[in-house]
Amino acid sequence: MNEVIANFHIHTKYSDGSKLHTQIAEEAIKAGIDALFFTDHNIHVSGLGGYFCNSNGRVLMIMGEEIHDQNAYPQKNHLIALGIGESLSNLAYKRQTLINMIQSKGGLSFISHPYDPALPAFNETDISWEDWSVKGFSGIELWNGFSELKVRVNKKIAAYFYAFFPHFLPLSPPKKTIVLWDDLLTKGSKIVAIGGSDAHAIHFSAGPFKRVVFPYRYHFCTINNHILLKYKLSGDDLKDQESILSALKEGHSFIANDQIKSSKGFRFHINNNNNQILMGESHRFENKMKLQVILPHTAECIIIKNGKEYLHISRTNDVVITIPSPGIYRVECYKRYLGRRRGWIFSNPIYIE
Ligand SMILES: [Zn+2]
Ligand SMILES: [Zn+2]
């Protein structure tokens, strides 16, 4: 498999980000990112998608849109649409219709920051997803780099600390969001998890101090999606976009906080005779199926089965076990960094029926 590193959920000057697409792409190339998903609020920016190249390399710019009902207060229920090629923000207030429309156009829909609490110290309201009556969405944003600040902080002083020392974040996806994902999975929905930056790179000042809160470059080194493709990227804009979107739709990906250590080379699959079942795939249970996890660096590794911890190994870089019964299997890995245990890798599940 060919591993592509994609950074998801990026805002530009077209909504409330602070740089233009090409400026952001230059920083992504320096950070070794292969693909960027731009998701400005309620606008689909046309004409800028495709490869951006410079003397340092190339990055594929994929245009999406983050849609929410701007007439609602508070402005909850943000949804990201990918692979559509036009704005669907006129449907923001009819969430199920919006999801159905994205699906009918062959696109993908991801629920942004499902848990995004209020931060009263900065007059920030709760913008979590609330409408769980909806069906048919492709996935959820399990880990959101920007809203983690709202999850971890309740006083201004703590927010200032992270503004000046962003590398003390992220810690892990919010527990609430993980529980919610497992709940959706165990109820029978196939839900792809992705990690998003929600990059804005906001310029902030407090007295004489000026700071860019979470620069784009910081996001590119933290929460990424590693997408596994059957073929290498060809350099053809449309073909490569299609293969990345289709692998993402199938859940052939994992989320990683690459700041801790590069997660490149992580693999999770279930072997059935000579057949390898990948993240996102389903297969009927058979005796002697072997679950394998390969880690590029030693880490704490937890196998989750049907939302519950099944196996916990405190230090390993290779796990092989025979699975006893059908279930939804996924993997979480943790490592220590800057004095704390932090979430490193979160795989998509394998569904054994
Ligand atoms: Zn949002
Ligand atoms: Zn956003």
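Nothing here was measured: the structure is a model prediction, and the numbers come from that model.

Participant: Please provide a residue-by-residue account of helix H5 (residues 175-186), values included.
Facilitator: Relative to the 16 Å expected for twelve residues at 1.5 Å per residue, H5 spans 16 Å between its end C-alpha atoms, a close match to the ideal helical length. All buried positions along H5 are accounted for by Thr177, Ile178, Trp181, Asp182, Leu184 and Leu185. Buried positions in H5, seen along its axis, are confined to an arc of 160 degrees and lie on one side of it. Facing away from the buried side of H5 by more than 90 degrees, the exposed set consists of Lys175 and Lys176. The elements touched by buried residues of H5 are strand S7 (139-144), strand S8 (192-196), strand S18 (327-337), strand S19 (340-347) and strand S20 (350-352). Two residues or fewer after H5 comes Gly188, characterised by a positive phi angle close to 110 degrees.

Participant: Could you give an account of the pattern of salt bridges, with specific residues and numbers?
Facilitator: Tallied over the entire structure, the rule returns twelve salt bridges. Residue Arg267 is joined to Glu3 by a salt bridge in which the shortest nitrogen-to-oxygen separation is 2.8 Å. Separated by 264 residues along the polypeptide, Arg267 in strand S13 (residues 267-272) and Glu3 in strand S1 (residues 2-10) bring together distant segments of the chain. Judged by relative accessible area, which is 19%, Arg267 ranks as buried. One continuous salt-bridge network, built from bridges that share partners, spans Lys76, Asp126 and Glu130.

Participant: Describe the packing of aromatic side chains, listing the residues and the values that go with them.
Facilitator: Any pair of aromatic rings gets described here by the distance separating the centres and the angle formed by the planes. All chains considered together, the criterion is met by 16 aromatic pairs. Ring centres 6.3 Å apart and planes at 65 degrees place the aromatic pair Trp132 and Phe137 in the edge-to-face group. Using a relative accessible area of 8% as the deciding quantity, one classes Phe137 as buried. When the centroid spacing of 6.0 Å and the interplanar angle of 85 degrees are considered together, the rings of Phe164 and Phe209 count as edge-to-face. One end of the pair, Phe164, is in helix H4 (residues 156-164); the other, Phe209, is in strand S10 (residues 209-213), and 45 residues separate them in sequence. Assessed through its relative accessible area of 26%, Phe164 is described here as partly exposed. Taken together, the aromatic side chains of Phe161, Tyr162, Phe165 and Phe168 make up a single cluster linked through ring pairs. Above the plane of the ring of Tyr351 lies Lys190, whose end atom (NZ or CZ) is 4.7 Å from the centre. The ring of Trp344 is capped by Lys335, whose NZ or CZ atom sits 5.6 Å from the centre of that ring.

Participant: Now, about the coordination of the zinc ion (ligand 2): what can you tell me, with residues and values included?
Facilitator: Around the zinc ion (ligand 2), the protein contributes the donor atoms His9 (NE2), His11 (NE2), Glu66 (OE) and Asp198 (OD), which lie 2.1 to 2.2 Å from the metal centre. Taken together, the four donor atoms coordinating the zinc ion (ligand 2) span angles of 81 to 173 degrees at the metal, a pattern that classifies the geometry as irregular. Between consecutive donor residues of the zinc ion (ligand 2), the sequence gaps follow H-x1-H-x54-E-x131-D. Separating the zinc ion (ligand 2) from the zinc ion (ligand 1) is a gap of 3.4 Å, which Glu66 spans by donating to each of them. Linking His9 in strand S1 with Asp198 in the loop between S8 and strand S9 (202-206), this pair joins segments that are 189 residues apart in sequence. Assessed through its relative accessible area of 5%, Asp198 is described here as buried.

Participant: Please set out the pairing of strand S16 (residues 290-305) residue by residue, giving values where relevant.
Facilitator: Strand direction decides the pairing type here: S13 and S16, joined by five bridges, are antiparallel. Each bridged residue has a counterpart across the sheet, and for Phe268 the counterpart in S16 is Val293. Judged from the eleven bridges that link them, S16 and strand S17 (residues 308-322) form a sheet pairing that is antiparallel. Opposite Lys305, over in S17, you have Lys308 as the bridge partner. Connecting the antiparallel pair S16 and S17 is a turn made up of two residues, with Asn306 showing a positive phi of about 50 degrees. The sheet contact formed by S16 and S18 spans six bridges and is antiparallel. Note on S18: the bridge partner recorded for Glu300 is Tyr334.

Participant: Explain the nonpolar core to me, and be specific about the residues and the numbers.
Facilitator: Counting residues in hydrophobic clusters, the biggest one holds 31 residues, and the most contacted among them are Phe137 and Leu142. Sorting the residues of this core by element identifies strand S5 (79-82), helix H2 (95-104), S7, H5, S16 and S18 as the ones contributing at least two each. When sequence neighbours within four positions are dropped, the list of residues in contact with Leu142 reads Pro173, Pro174, Thr177, Ile178, Trp181, Ala193, Ile194, Ile255 and Phe346. One finds Phe266, Leu291, Ala299 and Trp344 within the second-largest nonpolar core, a separate group that totals 26 residues.

Participant: A description of the coordination of the zinc ion (ligand 1) should follow, citing residues and the corresponding values.
Facilitator: Coordination of the zinc ion (ligand 1) by the protein is provided by Glu66 (OE), His78 (ND1) and His113 (NE2), with metal-donor distances spanning 2.1 to 2.2 Å. One chain supplies every donor to the zinc ion (ligand 1), and in sequence these donors are spaced E-x11-H-x34-H.

Participant: An account of the environment of Leu91 is requested, with residue identities and associated values reported.
Facilitator: Tracing the chain through its elements places Leu91 in the loop between S5 and H2. A relative accessible area of 12% places Leu91 in the buried class. Between the C-alpha atoms of Leu91 and Phe165, which are 74 residues apart in sequence, the distance is 39 Å. Apart from residues lying up to four places away in sequence, Leu91 is in contact with Thr97, Leu98 and Met101.

Calculation notes
Residues numbered from 1 in each chain as written. Chains lettered and ligands numbered in written order. Predicted model: local features only at pLDDT ≥ 70, side-chain atom pairs only at ≥ 80, totals over all residues. Heavy atoms only, no water. Helix = DSSP H or I, 4+ residues; strand = E, 2+ residues; numbered from the N terminus. Expected span 1.5 Å × (residues − 1). Buried < 20%, exposed > 50% of the residue type's maximum accessible area, 1.4 Å probe, protein only. Arc of directions from axis to C-beta. Contact = heavy atoms within 4.5 Å. Salt bridge = Lys/Arg side-chain N within 4 Å of Asp/Glu carboxyl O. Phe/Tyr/Trp six-rings, centres within 6.5 Å; stacked < 30°, edge-to-face > 60°. Lys NZ or Arg CZ within 6 Å of the ring centre and 35° of its normal. Donors = N, O, S within 2.8 Å, 3.2 Å for Na, K, Ca; no water. Tetrahedral: all angles 85-135°; square planar, octahedral: opposite > 155°, others 65-115°. Pairing = 2+ DSSP bridges. Core = buried A, V, L, I, M, F, W, Y, C linked by side-chain atoms within 4.5 Å.

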